[in-house]
Amino acid sequence: MVESPTETLVRALVELEAGIVANLERSEQIAARTRWLVERLGAGQSLGELLAEEPQPLIVELLTANLDVLQDLGAEVRAAQAHVLRAEGFTIEQIATLFGVTRQRISALLRQRPGPGVT
């Protein structure tokens, strides 16, 4: 069964919430690791030594994971919202104004078919 635009949006929002929760957990790790690095760098240890000691994944990997989640799930939500607004009768121009982007960007979003299971 094909999802309606609203069902697709609801699914995308639920996935976004789950992604944000995961990002919060990673952000707590990042904050703890940052405090650890600041403390040890302040005590005179070299960054090279500290990175060799830092547990995996490294801070830079955690940051990348957070950004990737927001980018991927954010794109899914934007496309789903554009589809719902279009189904509600909004013009491409109106959607572009709401989103603060060009009409061309909205046209591209509307050509996308939001799909289930974005991670």
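What counts, and where the lines are drawn
Residues numbered from 1 in each chain as written. Predicted model: local features only at pLDDT ≥ 70, side-chain atom pairs only at ≥ 80, totals over all residues. Heavy atoms only, no water. Helix = DSSP H or I, 4+ residues; strand = E, 2+ residues; numbered from the N terminus. Rg over C-alpha atoms; globule rule 2.2 N^0.38 Å. Buried < 20%, exposed > 50% of the residue type's maximum accessible area, 1.4 Å probe, protein only. Contact = heavy atoms within 4.5 Å. Areas by Shrake-Rupley, 256 points an atom, 1.4 Å probe, with all protein chains shown as cover. Lys, Arg positive; Asp, Glu negative; His and termini not counted. Charge placed at Lys NZ, Arg CZ, Asp CG, Glu CD. pLDDT = per-residue confidence, 0-100. Polar contact = N/O pair within 3.5 Å; in protein donor to acceptor, adjacent residues only side chain to side chain. Patch = residues over 30% accessible without salt bridge, like charges linked within 9 Å, V, L, I, M, F, W, Y side chains within 5 Å. Salt bridge = Lys/Arg side-chain N within 4 Å of Asp/Glu carboxyl O.

Considerations on the overall build of the chain
Each helix and strand in the chain was counted, giving five helices and zero strands. Taken from the N to the C terminus, the helices and strands of the chain come in the order α-α-α-α-α. For 119 residues, the compact-globule estimate of 2.2 N^0.38 gives 14 Å, and the C-alpha radius of gyration of the chain, at 20 Å, exceeds that figure by more than 25%. Taken along its principal axes, the extent of the C-alpha atoms in the chain is 60 × 30 × 15 Å. Buried positions account for 30% of the 119 residues belonging to the chain. A sequence separation of at least 24 residues applies to 62% of the contacts in the chain between residues at least 6 apart. When the accessible surface of the chain is totalled, it reaches about 7600 Å², and 60% of it is carbon and sulfur. In the chain, the 11 positive side-chain charges and the 16 negative ones have mean positions that sit 9 Å from each other.

Quick look at unusual backbone geometry
The residue after Gln56, namely Pro57, is reached through a cis peptide bond having omega -10 degrees. Following the sequence through the fold, Pro57 ends up in the loop between α2 (47-53) and α3 (59-87).

Digging into the confidence of the model for the chain
Taken residue by residue, the chain gives an average pLDDT of 93. The fraction at 70 or more is 95%. Model confidence for the chain, summarised as mean pLDDT per element, is weakest for α2 at 93 and strongest for helix α4 (residues 92-99) at 98.

Regarding the side chain of Asn23
Within the secondary structure, Asn23 sits in helix α1 (residues 5-42). On the basis of relative accessible area, Asn23 is assigned to the buried category, the value being 6%. Within the local environment of Asn23, its side chain forms a polar contact with the side chain of Arg26, the two groups lying 2.6 Å apart.

Details of a nonpolar patch on the surface
Residues Ile20, Leu24 and Leu70 make up a contiguous nonpolar surface patch of roughly 260 Å² in combined accessible area. Its place among the elements puts Ile20 in helix α1.

A word on the environment of Asn23
Considered as a pair, Asn23 and Val69 are 46 residues apart in the sequence and their alpha carbons are 7.7 Å apart. With near-sequence residues (within four places) excluded, Asn23 lies in contact with Ala65, Asn66, Val69 and Leu70.

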